[in-house]
Amino acid sequence: SQQGEEDPQALSIQEGENATMNCSYKTSINNLQWYRQNSGRGLVHLILIRSNEREKHSGRLRVTLDTSKKSSSLLITASRAADTASYFCATDVNNDMRFGAGTRLTVKP
Amino acid sequence: DTAVSQTPKYLVTQMGNDKSIKCEQNLGHDTMYWYKQDSKKFLKIMFSYNNKELIINETVPNRFSPKSPDKAHLNLHINSLELGDSAVYFCASSPASGVFEQFFGPGTRLTVL
């Protein structure tokens, strides 16, 4: 069964704008990860945030985690056309990784 | 050098056939996985192997059988293929199970006619 649910399902923005994607989950987690998938490719790991962390940064990426609300957000700042991809959150529950259906991000040049 | 590789990239076959998808990782990881991604992009874990031992086996039909000759390889064999098996299958690996990022292969698009 799916664990994480990304919101929105699709997002279209102009280059230079910020993109925010959200992930909600149902059960307690050990950690949450975000992955990116370019069309026709495998998933690429972006960032991992542990359940005792609230915020993490990696370059233009900022991830927050609110365990009380069982939600996480991924912010991409100053987006580029190359950021066009699907973004998935994955939650680790007792060593069992569950993925959501993803948010399809389109960045228009 | 490709970290996680899969062959073939595309596989088109008839219903009822038996087929295999191969996966190899050169990262020295202990755990490997197989995922199925359907047309709606849902990614569902099918199996994982840790040091040649099956540690997760989701509710996958027994027509699907993972085979791991060594810790660098995890092949997926599918018997009596059905239309509903059409999907993209991804292999992945991680240093160990649990709190580690996973490295994904490029995927194998299986089409059953």
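A brief look at the structure comes next. (Residues numbered from 1 in each chain as written. Chains lettered and ligands numbered in written order. Predicted model: local features only at pLDDT ≥ 70, side-chain atom pairs only at ≥ 80, totals over all residues. Heavy atoms only, no water.)

**Concerning the overall build of chain B**
Part 1: Looking only at helices and strands, chain B features zero helices and eleven strands.
Part 2: Taking 2.2 N^0.38 as the reference for a compact globule, 113 residues should give roughly 13 Å; the C-alpha atoms of chain B span a radius of gyration of 13 Å, in line with that estimate.
Part 3: With the C-alpha coordinates of chain B rotated into their principal frame, the extents come out at 35 × 30 × 30 Å.
Part 4: Taken across its 113 residues, chain B has 44% of its residues classed as buried.
Part 5: Contacts in chain B between residues far apart in sequence, at least 24 positions, make up 55% of those at least 6 positions apart.
Part 6: For chain B, the accessible surface area stands at approximately 5500 Å², while carbon and sulfur atoms represent 51% of it.
Part 7: Positive and negative side-chain charges of chain B, numbering 12 and 11 respectively, have mean locations separated by a distance of 7 Å. (Helix = DSSP H or I, 4+ residues; strand = E, 2+ residues; numbered from the N terminus. Rg over C-alpha atoms; globule rule 2.2 N^0.38 Å. Buried < 20%, exposed > 50% of the residue type's maximum accessible area, 1.4 Å probe, protein only. Contact = heavy atoms within 4.5 Å. Areas by Shrake-Rupley, 256 points an atom, 1.4 Å probe, with all protein chains shown as cover. Lys, Arg positive; Asp, Glu negative; His and termini not counted. Charge placed at Lys NZ, Arg CZ, Asp CG, Glu CD.)

**Structural notes on the environment of B:Pro95**
Residues and elements named next belong to chain B.
Part 1: Here proline 95 lies in the loop between β9 (87-94) and β10 (103-104).
Part 2: For proline 95, a relative accessible area of 33% corresponds to the partly exposed category.
Part 3: Filtering out sequence-adjacent residues up to four positions away, proline 95 remains in contact with His29, Asp30, Thr31, Phe100 and Glu101.

**Focus: the sheet that holds strand β3 (residues 19-24) of chain A**
Residues and elements named next belong to chain A.
Part 1: Taken in spatial order, the five strands line up as β1-β3-β8-β7-β6 in an open sheet, and their pairing is antiparallel. At either margin of the open sheet sits one strand with a lone partner, and together these are β1 (5-7) and β6 (55-58). The average undirected angle you get between the axes of adjacent strands in this sheet is 20 degrees.
Part 2: Alignment of strand β7 (residues 61-66) against strand β8 (residues 71-76), held across six bridges, turns out to be antiparallel. Among the inter-strand pairings, leucine 61 is bridged to a residue of β8, identified as isoleucine 76. (Pairing = 2+ DSSP bridges. Axes fitted to C-alpha atoms, helices over the stretch in contact; angles between N-to-C directions.)

**Quick notes on the interface of chain B and chain A**
Part 1: Counting from both sides, the interface comprises 20 residues of chain B and, opposite them, 21 residues of chain A.
Part 2: Across the chain B/chain A interface, buried area totals approximately 1700 Å², and carbon plus sulfur atoms make up 54% of it.
Part 3: Viewed at the interface, chain A and chain B are joined by zero salt bridges.
Part 4: The interface formed by chain B and chain A includes three residue pairs in polar contact (both at pLDDT 80 or more).
Part 5: Going through the elements one at a time, β4 (31-37) and β5 (43-50) of chain B are the ones with two or more residues in the side of chain B that touches chain A.
Part 6: Among the residues making up the side of chain B that touches chain A, the classes are represented as ten nonpolar, five polar and five charged. (Buried area = accessible area lost by both parts, 1.4 Å probe. Salt bridge = Lys/Arg side-chain N within 4 Å of Asp/Glu carboxyl O. Polar contact = N/O pair within 3.5 Å; in protein donor to acceptor, adjacent residues only side chain to side chain. Nonpolar A, V, L, I, M, F, W, Y, C, P; charged D, E, K, R; others polar.)

**Brief notes about the side chain of B:Gln37**
Part 1: Assignment of secondary structure puts B:Gln37 in strand β4.
Part 2: A distance of 3.1 Å separates polar atoms of two side chains, one belonging to B:Gln37 and the other to A:Gln37.
Part 3: For B:Gln37, the residues in contact, after removing those within four places along its chain, are A:Gln37, A:Phe88, B:Phe42, B:Leu43, B:Ala87, B:Val88 and B:Phe90.

**Points about the sheet that holds strand β1 (residues 4-7) of chain B**
Residues and elements named next belong to chain B.
Part 1: Pairing is antiparallel across the open sheet formed by four strands, whose spatial order is β1-β3-β8-β7. Pairing within the sheet leaves two strands with one partner each, and these edge strands are β1 and β7 (64-70). Sheet twist, expressed as the mean angle between neighbouring strand axes with direction ignored, is 20 degrees.
Part 2: Where strand β3 (residues 19-25) and strand β8 (residues 73-78) come together, four bridges link them in antiparallel fashion. Counted as the bridge partner of glutamate 24 is histidine 73 from β8.

**As for the state of the cysteines**
Part 1: Per the stated rule, a full pass over the model turns up two disulfides over all chains.
Part 2: At a sulfur-sulfur separation of 2.0 Å, the disulfide partner of A:Cys23 is A:Cys89. The disulfide joining A:Cys23 to A:Cys89 has a torsion of about 65 degrees about its S-S bond and is therefore right-handed. Linking A:Cys23 in strand β3 with A:Cys89 in strand β9 (residues 85-93), this pair joins segments that are 66 residues apart in sequence.
Part 3: The class of A:Cys89 is buried, set by a relative accessible area of 0%.
Part 4: A disulfide bridge connects B:Cys23 with B:Cys91, and the sulfur atoms are separated by 1.8 Å. Taking the sign of the S-S torsion, about -75 degrees here, the bridge from B:Cys23 to B:Cys91 comes out left-handed. (Disulfide = S-S within 2.5 Å.)

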